[in-house]
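One letter stands for each residue in the lines below.
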Amino acid sequence: MVYGTVVADARDGTRIEKLTQVGRYAFGVVWGDGHDSILPHRTVRLVCPCEECEGVQAEPHGAAAEPKRVDLLGEESLFVEWADGHETLLLLTELRALCRCARCVGEPDYPISGR
Ligand SMILES: [Zn+2]
Ligand SMILES: [Zn+2]
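The text that follows walks through the structure, step by step, so that each part is easy to find. Model, not experiment: these values are computed from the prediction.

### What about the sheet that holds strand β6 (residues 87–91)?
For step 1, the next point in the chain: Read across the open sheet, the three strands follow the order β4-β5-β6; overall the sheet is antiparallel. Either end of the sheet is taken by a strand with one partner, and the two such strands are β4 (67–73) and β6. Across the sheet, the mean angle from the axis of one strand to that of its neighbour is 15°, orientation sign disregarded.
For step 2, the next point in the chain: Note that β4 and strand β5 (residues 77–82) share six bridges and pair antiparallel. Following the sheet pairing, Val70 is matched in β5 by Val80.

Listed below in structure tokens is the structure:
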């Protein structure tokens, strides 16, 4: 076995294989472990961890939930520039935790945080 002690599965699940646009309102993510997530833009904006957004619970709408530019930064972060000029930087582990598919919701490896 070439991989030795590397925990390949854990790592792949937090790596993005492919990032697409799903309809007008969501990101489509294919993860390194083959999992698919559909993440609404609003959900991603809502969890923006920056100082300005911290504690804001209001549902983003309009330009605030419309991505203008999306980039992968290295292998660990996703950068989103929104149409209202705001910028969000999320760890891929945080992004993966947003997936609400049946498998993820029931999967103890990716617990849903207190939100
Ligand atoms: Zn923010
Ligand atoms: Zn999922």
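### Things to note about the sheet that holds strand β2 (residues 26–31)
For step 1, the next point in the chain: Spatially, the three strands line up as an open sheet ordered β1-β2-β3, and their pairing is antiparallel. Lying at the two open borders of the sheet, with one neighbouring strand each, are β1 (16–22) and β3 (36–40). Taken pair by pair, the neighbouring strands of this sheet meet at an average axis angle of 20°, ignoring direction.

### Thoughts on the environment of Thr93
For step 1, the next point in the chain: As for its placement among the helices and strands, Thr93 is situated in helix α3 (residues 92–96).
For step 2, the next point in the chain: Given 12 C-beta atoms within 10 Å, Thr93 falls into the exposed group.
For step 3, the next point in the chain: Spatially, the C-alpha atoms of Thr93 and Ser77 are 8.4 Å apart, while their sequence positions differ by 16 residues.

### Focus: the pairing of β3
For step 1, the next point in the chain: Of the pairings in the sheet, the one linking β2 to β3 comprises five bridges and is antiparallel in character. Bridging from a neighbouring strand, Phe27 pairs with Leu39 of β3.
For step 2, the next point in the chain: A loop of four residues connects β2 with β3, the two strands running antiparallel in sequence, and Gly34 in this loop sits at a positive phi of about 90°.

Thresholds applied
Residues numbered from 1 in each chain as written. Chains lettered and ligands numbered in written order. Predicted model: local features only at pLDDT ≥ 70, side-chain atom pairs only at ≥ 80, totals over all residues. Pairing = 2+ DSSP bridges. Helix = DSSP H or I, 4+ residues; strand = E, 2+ residues; numbered from the N terminus. Axes fitted to C-alpha atoms, helices over the stretch in contact; angles between N-to-C directions. Buried ≥ 20, exposed ≤ 12 C-beta atoms within 10 Å, placed from the backbone.

Shape descriptors only; they carry no functional weight alone.
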